[in-house]
Amino acid sequence: MYPDTAADTFVLRHGEWRRRLVHQGPGAAFPYAWRLPELARNLERPQRLVAALALARTLFGLGRFGDCHQALEATPTQPGDAPLAILRHAHLAIRCRRVTGQAWATPPAADPDQAVHLDIILDTHYLLDDAPALGVLAPRCRAAALSAGDPARAAWAALLMDWAGARCGETGVPGAGLRALAVLARHHPTRAALGEGIHAHAAFLRDPASALSWLDQALLAADRQGQHQDQARLLYLKSLALAADGQLADADRFLKLARETAKRQGAWRWLEDMAA
């Protein structure tokens, strides 16, 4: 069956973009995302905003933060736009500005009791390194996702609850992160690949030297999915873990690689951390 109109073509291409983003990662989704704004150019405002957000989300996942920011700036939101689209746009812009070392506004209010808001809220607070806020919001988000029958979002909240606990010095519930990753792998493989990095980060916070295997696994999973938004930070954490394990030459090598990656991506905030 062939599409009859430009709107039909857009819907089909956007659907394939979403499928690839969920199951194969931003690398596989990008060939579909980059043409969406062009296909939506003569469509209504909602489709143009959906296209811009799809492209921006894909670029962010690829670690192309400057390009992501440009995509968002090219299609700013307006008061009459859908509230969820406005929320996604604003939070993604904050994440971009955080990673690229720019000033950002306070995240706009979102309802943690609505499962559809979950990943928007939690992802922003994770990138802002706001563990106290996550410790409060993530349990509410998880409860909302469970009530909505959304196991993938519930698992994502559980994973970030575990990270927030590690960030605050808590030992955590043994195996909580791994159980959440297993659920994500079944329902949202791309999230699972990104979640490997969050789980490795939590393991590093609890015991740097013992986190090496988790960091290796996270880097491999991200590479398979083309999921590079956390690549520079994971490489940096690996350099610190190697140093904690006494592997100083390898630690220096991975620190250099982490800095090169951050520079290439324009991830100046992570580069600042590496200079500390």
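So, here is what we can say about the structure in this document.

What counts as what
- Residues numbered from 1 in each chain as written.
- Predicted model: local features only at pLDDT ≥ 70, side-chain atom pairs only at ≥ 80, totals over all residues.
- Heavy atoms only, no water.
- Salt bridge = Lys/Arg side-chain N within 4 Å of Asp/Glu carboxyl O.
- Helix = DSSP H or I, 4+ residues; strand = E, 2+ residues; numbered from the N terminus.
- Buried < 20%, exposed > 50% of the residue type's maximum accessible area, 1.4 Å probe, protein only.
- Axes fitted to C-alpha atoms, helices over the stretch in contact; angles between N-to-C directions.
- Parallel < 35°, antiparallel > 145°, perpendicular 65-115°, else oblique.
- Left-handed = near helix turned anticlockwise from the far one by under 90°.
- Contact = heavy atoms within 4.5 Å.
- Nonpolar A, V, L, I, M, F, W, Y, C, P; charged D, E, K, R; others polar.
- Expected span 1.5 Å × (residues − 1).
- Phe/Tyr/Trp six-rings, centres within 6.5 Å; stacked < 30°, edge-to-face > 60°.
- Lys NZ or Arg CZ within 6 Å of the ring centre and 35° of its normal.

A few points about the pattern of salt bridges
Where charged atoms from two side chains of opposite charge approach closely, those side chains can pair.
Line of reasoning, step 1. Tallying each qualifying case throughout the model produces 17 salt bridges.
Line of reasoning, step 2. For Asp81, the salt bridge identified is with Arg45, shortest N-O distance 2.8 Å. Of this pair, Asp81 sits in the loop between helix H5 (65-74) and helix H6 (83-99) while Arg45 sits in helix H4 (residues 45-61); the two residues are 36 residues apart in sequence, bridging distant segments of the chain.
Line of reasoning, step 3. Classification of Asp81 as buried rests on a relative accessible area of 10%.
Line of reasoning, step 4. Since its relative accessible area comes to 18%, Arg45 is described here as buried.

Some points on the packing of helix H8 (residues 131-147) against helix H9 (residues 151-167)
Line of reasoning, step 1. Between H8 and H9, whose axes approach to 8 Å, the crossing angle comes to 160 degrees. With respect to H9, the axis of H8 lies roughly antiparallel. Like other packed secondary-structure pairs, H8 and H9 cross with a definite hand, here left-handed. Between H8, through Ala131, Leu134, Gly135, Ala138, Pro139, Cys141, Arg142, Ala145 and Leu146, and H9, the contact on the second element is made entirely by Arg153, Ala154, Ala157, Ala158, Leu160, Met161, Trp163, Ala164 and Arg167.
Line of reasoning, step 2. Split by residue class, the contact of H8 with H9 holds 14 nonpolar, one polar and three charged.

Quick notes on H6
Line of reasoning, step 1. In this model, H6 (17 residues) spans 25 Å end to end at C-alpha, consistent with the 24 Å of a helix rising 1.5 Å per residue.
Line of reasoning, step 2. With 12 of 17 residues buried, H6 lies mostly within the body of the structure.
Line of reasoning, step 3. All of the buried residues in H6 are Ala85, Leu87, Arg88, His89, His91, Leu92, Ala93, Ile94, Arg95, Cys96, Arg98 and Val99.
Line of reasoning, step 4. In this structure, the buried residues of H6 make contact with H4, H5, helix H7 (118-127), H9 and helix H15 (268-275).
Line of reasoning, step 5. Immediately beyond the C-terminal end of H6, within one or two residues, lies Gly101, with a positive phi of roughly 80 degrees.

Quick look at the packing of aromatic side chains
Centre distance and the angle of the planes are the two values used to describe a pair of aromatic rings.
Line of reasoning, step 1. The full count for this structure, using the stated rule, is two aromatic pairs.
Line of reasoning, step 2. Ring geometry for Phe60 versus Phe65: centroids 5.1 Å apart, planes at 65 degrees, classification edge-to-face. Side by side, Phe60 and Phe65 carry an identical accessibility label, which is buried.
Line of reasoning, step 3. Ring geometry for Tyr126 against Trp163: centres 4.8 Å apart, planes inclined by 80 degrees, an arrangement best described as edge-to-face. Linking Tyr126 in helix H7 with Trp163 in helix H9, this pair joins segments that are 37 residues apart in sequence.
Line of reasoning, step 4. Classification of Tyr126 by relative accessible area gives buried; the value is 6%.
Line of reasoning, step 5. Sitting over the ring of Trp156, Arg191 keeps its end group 4.3 Å from the ring centre.
Line of reasoning, step 6. Between Arg233 and the ring centre of Trp270, over which it is positioned, the NZ or CZ distance is 4.2 Å.

A few points about unusual backbone geometry
Line of reasoning, step 1. In the Ramachandran plot, Asp129 falls in the positive-phi region, its phi being about 60 degrees despite a non-glycine side chain.
Line of reasoning, step 2. Its location among the elements puts Asp129 in the loop between H7 and H8.
Line of reasoning, step 3. Exposure remark for Asp129: the relative accessible area of 28% places this residue in the partly exposed category.

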